[in-house]
Structures are given as structure tokens and as C-alpha cells.
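# Coordinate analysis (summary)
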Amino acid sequence: LLLGMYAAGAPLLERRRVYEAARSSNAFSESLLRCAADGCCIAPARSLIYALFAGTEPDVARHTVRLSAVGASSGADLAAGLYSFLASSVSSGVPL
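Residues numbered from 1 in each chain as written. Predicted model: local features only at pLDDT ≥ 70, side-chain atom pairs only at ≥ 80, totals over all residues. Heavy atoms only, no water.

### Digging into helix α3 (residues 27-37)
- Of the residues making up α3, those classed as buried are E30, L33, A36 and A37. Along α3, the residues classed as buried sweep out an arc of 130° about the axis, all on the same side. Turned more than 90 degrees from where α3 packs its buried face, A27 and F28 sit exposed.
- Tucked inside the fold, the buried residues of α3 contact α1 (2-7) and α2 (12-22).
- You can read the cap of α3 off the contacts: a side-chain oxygen lies 2.9 Å from the backbone nitrogen of F28, and it is on N26.
- Taken from the residues just after α3, G39 is the one with a positive phi, measuring 85°. (Buried < 20%, exposed > 50% of the residue type's maximum accessible area, 1.4 Å probe, protein only. Helix = DSSP H or I, 4+ residues; strand = E, 2+ residues; numbered from the N terminus. Arc of directions from axis to C-beta. Contact = heavy atoms within 4.5 Å. Polar contact = N/O pair within 3.5 Å; in protein donor to acceptor, adjacent residues only side chain to side chain.)

None of the figures reported here should be taken as evidence of function without further support.
In C-alpha cells:
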């Protein structure tokens, strides 16, 4: 969600509100949340974001598979979060 918000240009204040609601007592999770709120991500996620905004369907498919291969389920979870946020933004009329 946070990375999708960043990619879609959500204001910092909105991203910070989501970050505050999602904070974790796990140091690793907390670090990842903070990074996502600031738009930091791994290369496969960045490639998928670029493909979603400016790529072709084959580009999106290729980068989705690449991101989904990260970790046991982390990459697939991240891809699902990006898709979910962007789909809900489009369906609610939020300009991207």
C-alpha cells in the first residue's frame, strides 16, 4: 500500500498516516515500512512500478513474475499490494 501510494504520487502526509497506522514492533518490518513510505524498494518492485505506469502488457507480466520470485511470498505479496492499491485508486476515480 505505501509503495503504491508513493508511486501514485500520494502526498507525504497521507503516506505518513498510513505508515503510523501500520507501524510494527518488529525492527525489520518497521524498517521496510519506513522505506516504502519514502518510496524505497527493491529493483524488481521498481521495475514493476515503471512497467505498470509506462510499460506494455508483456513488460508488466515479466516484471510481475520477477517480483513474485522474491522470497517465499514477500515478492508476491508486494506485487499484490501494488495491484490492489492501483486498482482501487483507478476504480475510485483517484487520478494517477
